[in-house]
Amino acid sequence: TADYEHILTSKPEPTVSLITLNRPRALNALCSPLFVELNDALRKADEDPEVGAIVLTGSERAFAAGADIKEMKDKEFSDVYKNNFLENWATMTKIRKPIIAAVSGFALGGGCELALMCDIILASPTAKFGQPEINLGVIPGGGGSQRLTHAIGKSRAMEIILTGRQFSALEAEQWGVVSKVVDEGEGQVVKEAVAMAKVIASKSQIAVQAAKEVVNAAYELSLPEGLRFERRIFHGMFATNDQKEGMAAFAEKRKPNFSHS
Ligand code: CO8
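Predicted model, so just to flag it, every value in this text is computed and none were measured. (Residues numbered from 1 in each chain as written. Predicted model: local features only at pLDDT ≥ 70, side-chain atom pairs only at ≥ 80, totals over all residues.)

Q: Tell me about the environment of V177, and please be specific about residues and values.
A: With respect to the helices, strands and loops of the structure, V177 is situated in the loop between α7 (169-174) and β10 (180-181). With 66 residues separating them along the chain, V177 and Q243 place their C-alpha atoms 32 Å apart. Residues contacting V177, with those up to four places away along its chain left out, are I121, F129, A151, I152 and A172. (Helix = DSSP H or I, 4+ residues; strand = E, 2+ residues; numbered from the N terminus. Contact = placed C-beta atoms within 7 Å.)

Q: An account of the site of the ligand is requested, with residue identities and associated values reported.
A: With respect to spatial proximity, 20 residues lie near the ligand, and among them G66, L86, G109, G141 and G142 are the closest. When the residues that make up the shell around the ligand are grouped by side-chain class, the tally is twelve nonpolar, five polar and three charged. (Near = placed C-beta within 6 Å. Nonpolar A, V, L, I, M, F, W, Y, C, P; charged D, E, K, R; others polar.)

Q: Could you give an account of the sheet that holds strand β3 (residues 53-57), naming the residues involved and the relevant values?
A: Strand order in the open sheet formed by six strands is β1-β2-β3-β5-β7-β10, and the pairing between neighbours is mixed. Each edge of the open sheet is held by one strand with a lone partner, namely β1 (7-13) and β10. Where strand β7 (residues 120-123) meets β10, two bridges bridge the pair, whose relative direction is parallel. The residue bridging L122 from the neighbouring strand is K180, located in β10. Contacts from helix α8 (residues 188-201) reach β1, β2 (16-21), β3, β5 (99-103) and β7 within the one sheet, and its direction differs from that of β3 by about 165°. (Pairing = 2+ DSSP bridges. Axes fitted to C-alpha atoms, helices over the stretch in contact; angles between N-to-C directions.)

Q: For unusual backbone geometry, give the residues involved together with the corresponding values.
A: The residue L27 is not glycine, and still its phi comes out positive at about 50°. As for its position among the elements, L27 is in the loop between β2 and α1 (32-47). A positive phi angle is found at H260, which is not glycine, with a value near 55°. On the secondary structure map, H260 appears in the segment after α11 (241-251).

Q: Account for helix α4 (residues 110-117), naming residues and giving values.
A: Of all eight residues that make up α4, eight are buried, and the element is covered over most of its length. Within α4, the full set of buried residues consists of G110, G111, C112, E113, L114, A115, L116 and M117. Looking at the buried side of α4, the elements it contacts are β4 (62-64), β5, β6 (106-108), β7, β8 (128-130) and α5 (144-152). (Buried ≥ 20, exposed ≤ 12 C-beta atoms within 10 Å, placed from the backbone.)

Q: Quick one: what's the story with the sheet that holds strand β9 (residues 167-168), residue by residue and with numbers?
A: Strand order across the open sheet formed by four strands is β4-β6-β8-β9, with mixed pairing between neighbours. Sheet topology places β4 and β9 at the edges, where each strand pairs with a single neighbour. Relative to β6, β4 runs parallel, the two being bridged by two bridges. What sits directly across from A64, in β6, is A107. In the packing of α4 onto the sheet, contacts are made with β4, β6 and β8, and the angle to β6 comes to roughly 90°.

Structure below.
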């Protein structure tokens, strides 16, 4: 819509919301107003009953080159502490529908952290990830030290965060940061992300949201607690029409027609 200054929103499929970071001159540096808009667009997509999955992307050159350094450089401890600077980044983790990051070019610092907050990351061969905060005399502040360490393990996370070096799409794939590196070609990563989002959106939205919730619980709960949580949510599925429809359709050898209820 035309209401946003730093992002673009569209529906490439009736069931898929596409959010494009759009500050090309700053390589999509994540200034505070951009985050306000992003959170608003994510919330709207989450509330849109037609939408089953969300794709977040940037440009060919940059997914996002990090938090906006020019905005941050003169800040004082008292401001950032008192105002809980960048606390609103976490809003994204409250979104219940799946978010697929389609990453081309730089995903650095806060840009890498933004991708890591998404549920699935697809990368083009040009993607370059990294946590270069150490070069600026600071450390990751948007979850990089935690989410990246969970994703790639201690030794690699230490190397990446302490040296500030970039890592390639291929490394990201080998290390399990991204689920897939797509073929090269302009727009290819968005195309594949939208196709994947469409597949996800064709499932029962209730089951999809529940699945996202239980997978995320694996990062927060101990194994026995997580297994118990999964079992309880699984039991809850039997209260949905979509469970009845999905299993009836299998038995009747036809495609399910989910009502998302
Ligand atoms: N912030 C502000 N402006 C930026 C940023 C940024 N992160 N990155 C690039 N830009 C701007 C450049 O200043 C330049 O603007 P101008 O033309 O006005 O000078 C324009 O984008 C193009 O950039 P370059 O000319 O530098 O392009 P190059 O192709 O030469 O280099 C790089 C590309 C390697 C990506 C380079 O721009 C770079 O190193 N950028 C900074 C990367 C970085 O350090 N990112 C980490 C930022 S710190 C951070 O993200 C902390 C997150 C904390 C989150 C806390 C949450 C609670």
